[in-house]
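Each chain is listed here by its residues.
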Amino acid sequence: MTMNKAHENSDLPATRIDRATTAHLGDAKHLLYEYFDVIGVVLRDDDAAIRAFLDDASSAMWIAYVDGAPAACVAMRPLPDIAGATECKRLYVADSYRRRGLSQALMQALEAYAAEAGYSAVYLDTKDDLHAAIKLYDQLGYERCARYNDNPQATIFMRKRLAQDHSKTSAS
């Protein structure tokens, strides 16, 4: 998914969103480890866990690239204890790439994929000191909900119901 392309007379950088595979492992690790440090994540994924996540067909990760450099990421995993639900994890935009719409584009990619895969809701958790993230989630239509996981650092829990595409079902 390309957000914009650099034009001959434009200073806008070329930006694209890729669904990550193990071929993106280096970029995924770079962004996730930076995220862990910036956010202060206590329970961190190691290299093996990141590789396993990228190999898991039930999970997904997207990386935003700006002029070929990894700039942002978001991940999605199913929530087996909540029917029809998936979870948004690790939304992160590197500091030098903020205020370019990357987080919105990543969330749009995640939500479109989740809806296409048949999920009816996306859940997420965050911390009350992540004001920009909370503002984004509010703008995107996420609403507060009850705690749904045991993340020791999360203080806010949110959910968004996804629009279902009924054109794919046949009439009885």
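Further up the page is the structure itself.
Note that the structure is a prediction, hence the values are computed from the model and not measured.

A. Highlighting the environment of Met-76. Summarising the element assignment, Met-76 is placed in strand 4 (residues 69-78). Residues in contact with Met-76, not counting those within four places in the same chain, are Phe-53, Ser-59, Ala-60, Trp-62, Thr-86, Glu-87, Leu-110, Tyr-113, Ala-114 and Tyr-119.

B. How the structure looks around the nonpolar core. Formed by 48 residues in total, the largest nonpolar core has its most connected members in Met-61, Trp-62, Val-74, Leu-102, Leu-106, Met-107 and Tyr-137. Apart from residues lying up to four places away in sequence, Met-61 is in contact with Asp-18, Arg-19, Ala-20, Ala-28, Leu-32, Phe-53, Leu-54, Cys-73, Val-74 and Ala-75. Grouped together as the second largest cluster of nonpolar side chains are eight residues, Leu-79, Tyr-123, Ala-154 and Phe-157 included.

C. Quick look at unusual backbone geometry. At Asp-67, a residue that is not glycine, the phi angle is positive and equals roughly 50°. Structurally, the position occupied by Asp-67 is in the loop between strand 3 (60-66) and strand 4. Asp-67 gets classed as exposed once you look at its relative accessible area, which sits at 55%. With a phi angle near 65°, Arg-99 is a residue other than glycine that sits in the positive phi range. Mapped onto the fold, Arg-99 is located in the loop between strand 5 (85-93) and helix 3 (102-116).

D. Summary view of the packing of aromatic side chains. Across all of its chains, the model carries seven aromatic pairs by this definition. Where Tyr-123 meets Tyr-148, the ring centres are 5.1 Å apart and the plane angle is 65°; that geometry is what we call edge-to-face. Placement of the pair is Tyr-123 in strand 6 (residues 121-126) and Tyr-148 in the loop between strand 7 (143-144) and strand 8 (156-161), with a sequence separation of 25 residues. Across this residue pair, the class does not change: Tyr-123 and Tyr-148 are buried.

E. Local environment of the packing of helix 1 (residues 25-39) against helix 2 (residues 47-55). Interhelical geometry of helix 1 versus helix 2 gives an angle of 125° and a closest axis separation of 10 Å. With respect to helix 2, the element helix 1 is oriented oblique. Considering the relative orientation of helix 1 and helix 2, their crossing is right-handed. Mapping the contact onto sequence places Leu-25, Ala-28, Lys-29, Leu-32 and Tyr-33 in helix 1 and Asp-47, Ile-50, Arg-51 and Leu-54 in helix 2. Residue classes in the contact of helix 1 with helix 2 are distributed as six nonpolar, no polar and three charged.

F. Seen up close, the pairing of strand 5. Counting buried residues in strand 5 gives nine out of nine residues, a clear majority hidden from the surface. Where strand 4 and strand 5 come together, six bridges link them in antiparallel fashion. Of the residues in strand 5, the one forming a bridge with Arg-77 is Glu-87. As paired strands, strand 5 and strand 6 are joined by three bridges and run parallel to one another. Within strand 6, the residue paired with Thr-86 across the bridge is Val-122.

G. Highlighting the environment of Asp-129. Relative to the helices and strands, Asp-129 is located in the loop between strand 6 and helix 4 (131-139). Looking at Asp-129, the relative accessible area reads 45%, which means it is partly exposed.

H. Representation of helix 4. Where helix 4 is concerned, the buried positions are Ile-134, Leu-136 and Tyr-137. On an axial view of helix 4, the arc spanned by its buried residues comes to 160°, and they lie on one face. The outward face of helix 4, more than 90 degrees from its buried face, is lined by the exposed residues His-131, Ala-132, Lys-135 and Gln-139. On its buried face, helix 4 sits against strand 5, helix 3, strand 6, strand 7 and strand 8.

Rules of the game
Residues numbered from 1 in each chain as written. Predicted model: local features only at pLDDT ≥ 70, side-chain atom pairs only at ≥ 80, totals over all residues. Heavy atoms only, no water. Helix = DSSP H or I, 4+ residues; strand = E, 2+ residues; numbered from the N terminus. Contact = heavy atoms within 4.5 Å. Core = buried A, V, L, I, M, F, W, Y, C linked by side-chain atoms within 4.5 Å. Buried < 20%, exposed > 50% of the residue type's maximum accessible area, 1.4 Å probe, protein only. Phe/Tyr/Trp six-rings, centres within 6.5 Å; stacked < 30°, edge-to-face > 60°. Axes fitted to C-alpha atoms, helices over the stretch in contact; angles between N-to-C directions. Parallel < 35°, antiparallel > 145°, perpendicular 65-115°, else oblique. Left-handed = near helix turned anticlockwise from the far one by under 90°. Nonpolar A, V, L, I, M, F, W, Y, C, P; charged D, E, K, R; others polar. Pairing = 2+ DSSP bridges. Arc of directions from axis to C-beta.

Read these as spatial facts, not as claims about activity.
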